Amino acid sequence: MADDCIFCRIAAGKIPAHVVYQDESACAFLDVNPLVAGHTLLIPAKHYERLEDIPSEEAARYLANLPRIIATVTHVMDAEGATVAWNDGPVAGQEVPHVHAHIVPRHAKDGVGPIHSLFSGRARLPPEETERIADRMSRALRPRLR
Ligand code: AMP
Ligand code: ZN
């Protein structure tokens, strides 16, 4: 645990929070400054700053909780769906440097758009540029796909 990390301290029970679920791999608690009622955060029990820092097996155990937590948040809040997102890195708006999924209940006519509405435009790429990007990614990922 990182002593100076607020989310590590919540998972360790050292500072108060509305913890709604906890096991050896993950902890879920209500956001202290919710976007809407029921806004919940799901963190890995161990301190990792970025998603890409989590070893795959630990990530699997962390993420294994996600479907049930989404289902519970939406059910309890009488919501029709949820926006689920990680702000991954300060450039993406991550303020607390301990990985956390935001699970935000969504209601019909709540007037909030999809994640796409964060971006004002769309990248119009020439087909060869798309090809080049896909090629670079698949080369980089190949060893993991075996
Ligand atoms: P992010 O901008 O993605 O890093 O989001 C951090 C989230 O953590 C914000 O939605 C905050 O409201 C929430 N937060 C910060 N401190 C606490 C806390 N002590 N307990 C619960 N949620 C917190
Ligand atoms: Zn931490």
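A quick note: this is a predicted structure, and the numbers were derived from the prediction, not measured. (Residues numbered from 1 in each chain as written. Chains lettered and ligands numbered in written order. Predicted model: local features only at pLDDT ≥ 70, side-chain atom pairs only at ≥ 80, totals over all residues. Heavy atoms only, no water.)

A. Fine view of the coordination of the zinc ion (ligand 2). Those protein atoms acting as donors to the zinc ion (ligand 2) are Cys-5 (SG), Cys-8 (SG), His-47 (ND1) and His-98 (ND1), and they sit at 2.0 to 2.3 Å. Each of the 4 donor atoms around the zinc ion (ligand 2) contributes to a set of angles spanning 106 to 118°, which defines the coordination as tetrahedral. Counting the intervening residues between successive donors of the zinc ion (ligand 2) yields the motif C-x2-C-x38-H-x50-H. One end of the pair, Cys-8, is in helix 1 (residues 6-11); the other, His-47, is in the loop between strand 3 (40-44) and helix 2 (56-63), with 39 residues separating them in the sequence. A residue is classified by how much of its surface remains accessible, and Cys-8, at 3% relative accessible area, is buried. (Donors = N, O, S within 2.8 Å, 3.2 Å for Na, K, Ca; no water. Tetrahedral: all angles 85-135°; square planar, octahedral: opposite > 155°, others 65-115°. Helix = DSSP H or I, 4+ residues; strand = E, 2+ residues; numbered from the N terminus. Buried < 20%, exposed > 50% of the residue type's maximum accessible area, 1.4 Å probe, protein only.)

B. Expanded view of unusual backbone geometry. Positive phi, close to 55°, is recorded for Asp-78, a residue that is not glycine. Residue placement: Asp-78 occurs in the loop between helix 3 (66-76) and strand 4 (81-85). By relative accessible area, Asp-78 is classed as exposed at 62%. Although it is not a glycine, Lys-109 adopts a positive phi angle of roughly 65°. By secondary structure assignment, the location of Lys-109 is in the loop between strand 5 (101-106) and helix 4 (127-145).

C. Inspection of the pairing of strand 3 at higher detail. Of all 5 residues that make up strand 3, 5 are buried, and the element is covered over most of its length. Along strand 3, one buried face is formed by Thr-40, Leu-42 and Pro-44 and the opposite face, lined by Leu-41 and Ile-43, is buried too. Both strand 2 (residues 26-30) and strand 3 contribute to a ladder of 5 bridges, which runs antiparallel. Among the inter-strand pairings, Ala-28 is bridged to a residue of strand 3, identified as Leu-42. For strand 3 and strand 5, the ladder comprises 3 bridges, and the chain directions are antiparallel. Residue Leu-42 lies in a different strand from strand 5, and its bridge partner there is Ala-101. (Pairing = 2+ DSSP bridges.)

D. Representation of a nonpolar patch on the surface within the structure. A cluster of nonpolar side chains, namely Ile-115, Leu-118 and Phe-119, defines an oily patch on the protein surface of about 360 Å² accessible area. Here Leu-118 lies in the loop between strand 5 and helix 4. (Patch = residues over 30% accessible without salt bridge, like charges linked within 9 Å, V, L, I, M, F, W, Y side chains within 5 Å. Areas by Shrake-Rupley, 256 points an atom, 1.4 Å probe, with all protein chains shown as cover. Salt bridge = Lys/Arg side-chain N within 4 Å of Asp/Glu carboxyl O.)

E. Quick peek at the environment of Ser-117. In this structure, Ser-117 sits in the loop between strand 5 and helix 4. Ser-117 gets classed as exposed once you look at its relative accessible area, which sits at 51%. Engagement of the side chain of Ser-117 in a polar contact is seen with the backbone oxygen of Pro-114, the distance being 2.6 Å. (Polar contact = N/O pair within 3.5 Å; in protein donor to acceptor, adjacent residues only side chain to side chain.)

F. Highlighting the sheet that holds strand 5. Overall, antiparallel pairing links the 5 strands, which are arranged 1-2-3-5-4 in an open sheet. This sheet does not close on itself; its edge strands, each paired only once, are strand 1 (19-22) and strand 4. The mean angle between the axes of side-by-side strands here comes to 20°, regardless of whether they run parallel or antiparallel. (Axes fitted to C-alpha atoms, helices over the stretch in contact; angles between N-to-C directions.)

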